[in-house]
Every structure is written in C-alpha cells, then in structure tokens.
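# Notes for the structure review
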Amino acid sequence: MKLPFILTVPDKRPLEELHGITTLLVPLRGHTPAPGIKKRVAVAANTLLAVHPDMSLGEIHAPCHGVIKDITTRHIEITCSETPPEGSQPVAPVDLSGLDEQALCSALKELGVSVRPFTRPCKTFVINGLNPEPGMVYAEEVLSSHKEILEAALALVKRLSPATEYVLALPAGSHSSLDGVRNHFVKPEYPISLARPLIKSLTGKESSADITMVRLHDLFGLGLVASSGLPRTRTVLSVQGRNFLVPVGTPVQTLLDAALVSVKPGDTVVLGGAMRGQALSVLRRGIDKDSEALLHIPAKSKPPLEDNPCINCGACIYACPMRLRPNMLSRYAEFEQYEGCTKEYLNRCIECGLCGYVCPACRPMQQYFRNAKKALGIETLQRRLPL
Ligand code: SF4
Ligand code: SF4
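Residues numbered from 1 in each chain as written. Chains lettered and ligands numbered in written order. Predicted model: local features only at pLDDT ≥ 70, side-chain atom pairs only at ≥ 80, totals over all residues. Heavy atoms only, no water.

## Considerations on the side chain of His 217
If you trace the backbone, His 217 turns up in helix α6 (residues 216-228). Within polar-contact distance, the side chain of His 217 engages the backbone oxygen of Val 236 at 2.8 Å. With near-sequence residues (within four places) excluded, His 217 lies in contact with Tyr 138, Arg 232, Thr 235, Val 236, Lys 289, Asp 290, Ser 291 and Glu 292. (Helix = DSSP H or I, 4+ residues; strand = E, 2+ residues; numbered from the N terminus. Polar contact = N/O pair within 3.5 Å; in protein donor to acceptor, adjacent residues only side chain to side chain. Contact = heavy atoms within 4.5 Å.)

## Description of the nonpolar core
Core analysis: the largest hydrophobic core is formed by 41 residues, its most contacted members being Leu 108, Phe 118, Ile 127 and Phe 220. Listed by contribution, the elements that provide at least two residues to this core are α1 (101-110), β9 (124-128), α3 (139-145), α4 (147-160), β10 (165-171) and α6. The greatest single-element share of this core, amounting to 7 residues, is contributed by α4. Split by domain, the residues of this core number at least three in each of domain 1 (5-12 + 98-226) and domain 3 (234-297). Sequence-distant contacts of Ile 127, that is, excluding residues within four places in its chain, are made with Leu 154, Val 167, Leu 168, Ala 169, Leu 178, Val 214, Leu 216 and Leu 219. If you look at the next biggest cluster of nonpolar residues, it comprises 36 residues, including Val 126, Met 275, Cys 316 and Cys 341. (Core = buried A, V, L, I, M, F, W, Y, C linked by side-chain atoms within 4.5 Å. Buried < 20%, exposed > 50% of the residue type's maximum accessible area, 1.4 Å probe, protein only. Domains from an automatic or database assignment.)

## Quick look at the sheet that holds strand β16 (residues 278-279)
In space, the 6 strands of this open sheet follow the order β1-β14-β13-β17-β15-β16, with mixed pairing throughout. The strands lining the two open edges of the sheet, one partner per strand, are β1 (15-17) and β16. Taken together, the 2 bridges between strand β13 (residues 234-239) and strand β17 (residues 293-297) define a ladder with parallel strand orientation. Note that in β17 the partner of Val 239 across the bridge is Leu 294. Along the sheet, α6 contacts β1, β13 and β14 (242-247); its crossing angle with β13, the most-contacted strand, is approximately 145°. (Pairing = 2+ DSSP bridges. Axes fitted to C-alpha atoms, helices over the stretch in contact; angles between N-to-C directions.)

## Things to note about the sheet that holds strand β6 (residues 60-61)
Taken together, 3 strands build an open sheet; the order of strands is β3-β5-β6 and the sheet is antiparallel. Only two strands of the sheet have a single neighbouring strand rather than two, namely β3 (32-33) and β6. Pairing geometry for strand β5 (residues 48-51) and β6, over 2 bridges, is antiparallel. Among the inter-strand pairings, Leu 48 is bridged to a residue of β6, identified as His 61.

Shown next, in the form of structure tokens:
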C-alpha cells in the first residue's frame with residue numbers, strides 16, 4: 001500500500017522568532033518550584049524556576065524577564081517584561097569546558113537538559129536528521145542554517161557518549177553533513193523516521209543494543225545550551241508548515257495567531273505530528289521543550305474516531321510496518337483483554353498511527369494501544385520517546 005507521507009519539503013523554511021509575547025505558561029513535569037519562586041516575585045531571564053530529582057528531566061528556567069503571576073501543578077505563569085527586575089544581575093553563562101563526565105551531566109541537568117539520551121551505552125550514536133512526521137518541517141532548516149549549533153552539541157555528546165561511531169540519518173539527496181559523522185541516506189517516507197524502521201535500515205534488525213538514537217530536535221536543544229552556556233529556554237517547532245524558534249512556555253494560542261490560524265468551534269488542534277500527535281482539549285497551555293509541532297485540523301475535514309466495530313477489511317494489517325495484526329490487537333485492547341494484547345506483541349507496536357489512518361471504520365487504534373500499554377506497564381510514546 002502506498003501512503004502519501006513524504007517527510008521532506010522542497011524549500012527551507014526559516015526559524016521565525018516571535019516578539020512581544022506577553023505571557024508564558026512554562027510547563028512543569030512534576031517539578032517543584034525552586035527556593036524563592038512564588039507568586040508576584042519578579043524574575044530575570046534564565047533564573048531557576050523549578051527543579052526535579054530525576055536526572056532524565058532537566059531543571060526549568062525563566063525564558064524571559066517578568067513577574068510570576070501563578071503557579072499550578074502544571075505550569076508557572078509569567079507576565080513578561082522587556083527589562084529585568086530592578087537590581088537583578090544577569091545570569092552568567094556556565095563554562096562547560098574542562099568538566100569531567102559526571103560534572104558535565106550535572107551542569108547540563110542544571111541548565112535544563114535531559115542528558116539520558118546522550119549517555120546511553122552504545123557503539124553507534126545515530127542522529128535522526130529526518131522530519132519525524134508529516135507536518136514537521138524543521139529538519140532541513142536546522143541542518144543547513146544552524147549547523148554550528150548542532151556541531152556545538154556534538155562536541156558535548158562526544159564527551160558524554162561511549163559511542164565509537166556517529167551516524168547522521170538523512171533523506172536521500174540531502175547535502176547536509178556534520179563533522180566526523182557518517183551520513184546514512186534513506187527514502188524519506190514515513191515511518192522510516194521512527195527509531196525501529198530507521199535502525200532496521202541501518203542494521204537489518206529492528207533493534208540493536210549497539211545503537212542509540214536521538215532526535216535532531218534533542219541535539220538542537222543541547223546545542224542551544226552548548227553554544228551559549230545558558231539554560232535551555234527556547235525550542236523549535238513547526239506550526240502549519242512554518243517553523244518557529246520560541247521561548248518554552250509560549251502559549252499555543254500565541255503560536256496559532258502567529259501562524260495566522262483561526263480555530264473555529266469543532267476544529268481540532270493537535271500537539272505533535274499528524275500521525276502521533278495528541279488533540280488538545282484546551283488551548284491555554286504552553287509548549288514545552290519537547291514539542292515539535294502544532295497542527296490545525298478544521299472540523300469535518302476528516303471523520304471523527306469512534307468505537308465502531310471492526311469490519312475485517314484487513315487494511316491495517318497491510319499498513320502495519322511492524323507486521324502486527326492491528327485488527328486483533330485493537331479488539332483485545334478495546335475489551336481490556338490484555339493477555340491477548342501481549343500474545344499479539346503489543347510491545348512491538350511503534351505507535352506509528354498508520355493502522356488508524358487506513359481504518360475505514362475509524363477505530364481509535366492508537367488510543368486503544370496506549371491505554372493497553374499503560375495497563376500492561378509498557379512504556380508508551382506519549383512522552384515522545386523515539387522507540
Ligand atoms: S500503530 Fe498500528 S500500524 Fe503502527 S506499529 Fe502499531 S499496530 Fe502497527
Ligand atoms: S482497518 Fe479497521 S476495520 Fe479494517 S481490519 Fe483493521 S481494524 Fe478492522
């Protein structure tokens with residue numbers, strides 16, 4: 001079955017910066033406010049806002065000068081200002097050179113970077129330079145116009161990773177490159193951008209203990225810190241075919257306005273890509289460091305997902321890149337017969353979304369699978385994990 005999911009765009013689309021943002025909703029992921037951070041406190045840009053004991057989650061910093069308006073379990077709301085609070089000192093860049101591996105990990109966590117993807121045991125470190133999903137269009141621009149940021153990140157990665165070989169996965173025909181990194185070209189059709197299909201294209205196997213893979217998005221985020229010595233307070237994401245480099249916490253509505261998207265009743269806004277993104281129930285939320293895209297789906301442009309019965313057409317079986325039987329998997333998951341899910345290899349599902357895309361019954365396949373994975377304690381992709 002031929003699916004129209006080309007992962008490249010013919011032109012580069014620059015990273016646009018937004019000015020005049022008045023409010024940020026800086027997301028928390030179980031972080032607790034740092035000492036002294038409370039309502040009505042004025043903060044300077046890059047001030048430490050919130051901390052987390054888990055090394056896989058970086059600390060959170062103020063992306064702008066401003067006053068803290070509210071603190072909830074989900075976010076810290078900042079009313080932005082052009083100037084720093086009176087008497088405050090600018091946050092000094094951290095010198096990351098000369099630190100041993102452990103000190104470097106600690107310094108990066110304090111600067112808001114999740115170091116785990118860069119420290120996994122491996123022989124080959126793969127940088128996934130493809131746009132992850134249809135609807136994301138930042139890879140070409142980041143690779144061609146922001147190479148120095150990627151190179152700064154790579155210099156740090158080489159101090160953190162035990163890898164002896166570095167590979168950059170690219171769409172066939174790309175002229176991008178990184179110093180000391182071997183290019184690996186693939187036909188840029190979704191789902192080759194997902195980890196298991198990409199690893200298979202490299203090794204012939206769908207997983208390999210010798211390989212670790214990071215998204216270009218993560219490498220770029222590390223590069224922002226590596227090249228400045230300042231905390232990770234900005235991120236890149238695609239909105240309706242345009243690319244933005246914005247402060248973490250930029251409200252979804254602000255980004256939609258910038259992209260000239262008008263959301264009408266019944267429309268859907270998706271955080272993430274066209275295949276694996278999540279429909280947002282509220283627009284009053286800020287984007288986090290991992291957000292890669294926002295998509296607007298007008299009402300009635302596609303039929304709604306419903307718990308319709310499977311009509312045994314078999315289309316999902318032909319579409320599944322993991323050679324699973326999504327029809328059977330979805331039945332077991334729908335009726336909470338999780339033993340059946342295990343027998344049908346639910347753990348092999350990469351949540352690519354192709355089965356749901358082709359299903360004429362519009363069954364909510366990914367939702368079934370994510371619920372079943374949660375019940376079985378299988379890590380899901382909801383937190384954008386690449387595998
Ligand atoms: S989401 Fe569907 S098509 Fe994709 S791997 Fe899982 S079962 Fe297969
Ligand atoms: S595509 Fe949908 S209707 Fe067809 S077999 Fe798969 S789950 Fe059933």
